[in-house]
Amino acid sequence: MKRNVIIILIAIGIIAIFLKSSMYVVDERLQAVITQFGKPVRTVKEHGLHVKTPFIQDVRYFNKRILNWTGEISDILTRDKENIGVASWARWKIVDPLSFYTSLGIEARGQGLLDEVIESAVKNVVSAYPLKEVLRNSNRKLEYTTKELEVAEETKKVIIKKGRDEITAEILAMARRSLEDRYGIELVDVRIKYINYVAAVIPKIYDRMRSERIRIANKYESEGRREEAEILGTMRKELERIESEGYRTAEETRGQADAEAIKIYAEAYTKAPELYSFLKTLETYKTTISAQTRLILNTDGEYFRYLKGFEKDGGAVEAWSLE
Amino acid sequence: MPDYGPRRKQPDINFEQISLQPLKKFLPPIIMLLFIIISGYSAFYTVKANEEAVILRFGKYKETVGPGLHTKIPYGIDKILKGEVKTIYNEEFGFRTRQRGNTSIIDYEFPEAQEEKLMLTADLNCAEVNWVIRYKIKALEEYFFNVRDVRETIRGISQSVMRTLVGDLSIDEVLTIGRIEIEQMAKENIQNGLDEYKCGISIQSVLLKGVDPPIAVKDAFNAVNQAIQNKDKIINEAEGQKNKLLPAAEGKKEQAIREAEGYYVRRINRATGDVKAFLAVYEEYKKAEDVTRRRLFLETMADVLPKCEKLYIIDKDLKGLLPILGLNEEGIKK
């Protein structure tokens, strides 16, 4: 009785081990290579539960998803002799696990292969172009906050024939050619993740940026002074205009007043010029003769005529007494 | 099952000796019960409110389920992959936010981020660009099945995209005028890149978190801003002076004109008055010309002559009187 139980348990165990060895699961994220005594026999890309010959065949799994690859910064001399550091970045996947397994075996070796292939492609392609060709992506007009910089940039302008995207595409094509479908690898994408001057050149770039900005600052300063002078100049001109206009109008008015007054006087006085000169003369005596005046009069005159007597003119006596 | 051991032991000590019948009778049901309990326990799983779960049956994708309590086939037949689909994830570039207790500190000097931020612009200037992208998982199956290292992929693509954009902009555009465009373009381009790989990621936003000139040249850039402000100040002051002086001058002008007009009125009125007076006098004068004339003359003399302190009346018959009067003396004095 007890022996039977043991036998059953052992049988179950054997069956379990047999099943475990003959069945395997390929996860949605994986793909598998079946090897027989270490020799690859087939690729399994179908996901789900599969059957293999137990004990004789082994399963090796490879990732089916897109895998990562990141490069280090490497120094490259561009065609226009600029010293730059470039780091690239790629995505790849194992499309033929069988040939990947036979040629490289493990993923780490795949990464190693890509190090060589991509980095040499980047170096070859980037060094064949001037820096701006790699840096820029179009011929769009650069905009600035100051006209001066815009003009300065316009003079340095170079026509971009390819640009970043096309050059990256070239790197990808070159790297793909080197892989030659031999390794079961598909290079999905290559991108430039980092591009800049090498550290030794950067201080010079900073100096240039600095001097450019200082120049602009000075320009603003002098522009301000120029506009100030212009405003103040216009102001002075306006002041002169206003003041002289005022003077002109005022003087015109005064002149007119005088002219009209003269006309009024003349019109009236021409009616009796004798009376006018008589009255006016008398009036002037009042003002011209003062205490300091030394007046010497002759008895010949009309006024003192009578001081000498009445001999000559009786009529005058009459007149005198009449007063 | 903590009580499993003792129960196994019990038959050895007690039941075996007393009777094998109960063991024969009870063992299969007990095993069955245990099997059911274990199965039942591992046949349920919960998906949290912010999660979804992908179910793989024998490694093959079966379905994606939402939050709640679900059943599965246990013993590794159904495999559950859960992911937070409602969570917004952040990736920072050029800086890192470090949590310290309740406060978070933005560290712009984070060593590994330095390489991320220093970028070359189209006019071969350098700019430091810090940015953040926010994203969430939009398709959990894609997220799990298509790309192995999704986070690293997002980081790589956004750096490459940002550098490509900055590499096609002027330093001024990067620092000031082009920032909104950068954010929009970056979002679009990063999304396109991720969609090409079918990452199952949706970029929510790309935010520039401070774009600066490198520290070494910052003062020169500040000098420009200061110069702009200074220029405005100078101009404003000049305008102010102009606006102060011109109206004052206008006022003075108006005053001068009004005064002249006043003079005009006065002059005409006086002339008219003078003339009217003269004509009135003339009217009367005409009536007794000779007498009036005499009277006016004498009146004037009476007025004028007393004012003179030195009045000499000389007979025309006397000669050589002038030296006696000391007129010569007076002449010398002059």
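Residues numbered from 1 in each chain as written. Chains lettered and ligands numbered in written order. Predicted model: local features only at pLDDT ≥ 70, side-chain atom pairs only at ≥ 80, totals over all residues.

Chemist: What exactly am I supposed to notice about the overall build of chain B here?
Modeler: A count of helical and extended segments in chain B gives ten helices and twelve strands. Across the 334 residues of chain B, 24% fall into the buried class. In chain B, of all internal contacts separated by at least 6 residues, the share reaching a separation of at least 24 is 66%. (Helix = DSSP H or I, 4+ residues; strand = E, 2+ residues; numbered from the N terminus. Buried ≥ 20, exposed ≤ 12 C-beta atoms within 10 Å, placed from the backbone. Contact = placed C-beta atoms within 7 Å.)

Chemist: How should the overall build of chain A be read in this particular structure?
Modeler: Within chain A one finds nine helices and ten strands. Taken against the 2.2 N^0.38 rule, which gives 20 Å for 323 residues, the C-alpha radius of gyration of chain A at 59 Å runs more than 25% over that of a compact globule. With the principal axes as the frame, chain A shows a C-alpha extent of 200 × 60 × 35 Å. Put simply, chain A has 323 residues, and 24% of those count as buried. In chain A, once contacts between residues fewer than 6 apart in sequence are set aside, the share between residues at least 24 apart is 69%. (Rg over C-alpha atoms; globule rule 2.2 N^0.38 Å.)

Chemist: Can you walk me through the nonpolar core in this structure?
Modeler: Side chains of a nonpolar character, in soluble globular proteins, are inclined to be buried together. Val86 of chain A together with Ala127 and Ile201 of chain B are the most contacted members of the largest nonpolar core, which has 87 residues in total. Dropping the residues within four chain positions of it, Ile201 of chain B is found in contact with Tyr135, Ile137, Lys138, Tyr143, Val150, Ile154 and Leu194 of chain B. Core analysis: the second largest hydrophobic core is formed by six residues, Ala250, Ala257 and Ala261 of chain A together with Ala271 of chain B among them. (Core = buried A, V, L, I, M, F, W, Y, C linked by C-beta atoms within 7 Å.)

Chemist: Please clarify how the interface of chain A and chain B should be interpreted in this entry.
Modeler: Quoted interface sizes are often the accessible area lost when the parts come together. Chain A puts 97 residues into the contact, and the matching count from chain B is 91 residues. Here the residues of the side of chain A that touches chain B are counted per class, giving 49 nonpolar, 18 polar and 30 charged. Here strand β10 (residues 294-298) of chain A pairs with strand β12 (residues 310-314) of chain B via five bridges, running parallel. Looking at β12 of chain B, one finds that Arg294 of chain A is bridged to Lys310 of chain B. (Nonpolar A, V, L, I, M, F, W, Y, C, P; charged D, E, K, R; others polar. Pairing = 2+ DSSP bridges.)

Chemist: Can you help me understand the sheet that holds strand β3 (residues 60-65) of chain B in this one?
Modeler: All names here are of chain B. Pairing is antiparallel across the open sheet formed by three strands, whose spatial order is β3-β2-β5. At either end of the open sheet lies a strand with only one pairing partner, and these are β3 and β5 (78-84). Pairwise comparison of adjacent strand axes, ignoring direction, gives a mean angle of 25° for this sheet. In the sheet, strand β2 (residues 51-57) pairs with β5 via seven bridges, with the strands oriented antiparallel. Directly across from Glu52, in β5, lies its bridge partner Gly83. (Axes fitted to C-alpha atoms, helices over the stretch in contact; angles between N-to-C directions.)

Chemist: Sorry, what's going on with the environment of Gly68 of chain B here?
Modeler: If you trace the backbone, Gly68 of chain B turns up in strand β4 (residues 68-71). Sequence spacing of Gly68 of chain B and Val47 of chain B is 21 residues, and the spatial spacing of their C-alpha atoms is 5.1 Å.

Chemist: How do you make sense of the packing of helix α8 (residues 273-288) of chain A against helix α9 (residues 289-304) of chain B when you look at a structure like this?
Modeler: Helix-helix packing is characterised by the crossing angle of the two axes and by the distance between the axes. Orientation of α8 of chain A relative to α9 of chain B, taken along the N-to-C sense of each, is 10°, at an axis distance of 9 Å. In this view, α8 of chain A runs roughly parallel relative to α9 of chain B, as classed from their interaxial angle. For the pair α8 of chain A and α9 of chain B, contact is made by Phe278, Leu282, Tyr285 and Lys286 of chain A and by Arg293, Leu296, Phe297, Thr300, Asp303 and Val304 of chain B, respectively. Taken together, the residues that form the contact of α8 of chain A with α9 of chain B break down as six nonpolar, one polar and three charged. (Parallel < 35°, antiparallel > 145°, perpendicular 65-115°, else oblique.)

In short, the description is geometric, and any link to function would need to be established separately.
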